[in-house]
Amino acid sequence: MPYEVRQCTVCTGWVNNWLIHQEDGSSHPQTFQTIEEAQAEIDEFLADIEAEIQSGDRQSDEGYHISEFQIVEVQQ
């Protein structure tokens, strides 16, 4: 079974914001074959955001917390 990363949003609750964008402008939700792959994607994203904060490209209150993300098995 594939997995997806969901983020808790104020307006719509838990949603999959991880998208794959195609050259033609279309997009579709990104899925991962394992929980470990999905977790690695979250970890990389959070590290990138933290690096932007540390470099001054983002304000310190423009980050995310790990609790805002969850990994869910996708039912097909």
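Keep in mind that this is a model prediction, so the values were computed, not measured.

Side note on the pairing of strand β1 (residues 3-9)
Consideration 1: The sheet contact formed by β1 and strand β5 (residues 69-73) spans 5 bridges and is antiparallel. If you follow Gln7 over to β5, its bridge partner there is Phe69.
Consideration 2: One ladder, built from 3 bridges, connects β1 with strand β2 (residues 13-15); its direction is antiparallel. From the neighbouring strand, Thr9 faces β2, where its bridge partner is Gly13.
Consideration 3: The hairpin formed by β1 and β2 contains 3 residues between the paired strands.

Details of the pattern of salt bridges
Consideration 1: This model, assessed by the stated rule, comprises 2 salt bridges.
Consideration 2: Across the salt bridge formed by Glu4 and Arg6, the nearest N and O atoms sit 2.6 Å from each other.
Consideration 3: Judged by relative accessible area, Glu4 falls into the buried class, the value being 11%.
Consideration 4: The class of Arg6 is partly exposed, set by a relative accessible area of 26%.
Consideration 5: The shortest N-O distance in the salt bridge between Glu52 and Arg58 comes to 2.5 Å.

Remarks on the nonpolar core
Consideration 1: With 7 residues, the main nonpolar core is built from Val5, Trp18, Phe32, Ala38, Ile42, Leu46 and Phe69.
Consideration 2: The element best represented in this core is helix α1 (residues 35-55), accounting for 3 residues.
Consideration 3: Ignoring any residue separated from it by four or fewer positions in sequence, one finds Leu46 in contact with Tyr64, Ile66 and Phe69.

What counts, and at which threshold
- Residues numbered from 1 in each chain as written.
- Predicted model: local features only at pLDDT ≥ 70, side-chain atom pairs only at ≥ 80, totals over all residues.
- Heavy atoms only, no water.
- Pairing = 2+ DSSP bridges.
- Helix = DSSP H or I, 4+ residues; strand = E, 2+ residues; numbered from the N terminus.
- Salt bridge = Lys/Arg side-chain N within 4 Å of Asp/Glu carboxyl O.
- Buried < 20%, exposed > 50% of the residue type's maximum accessible area, 1.4 Å probe, protein only.
- Core = buried A, V, L, I, M, F, W, Y, C linked by side-chain atoms within 4.5 Å.
- Contact = heavy atoms within 4.5 Å.

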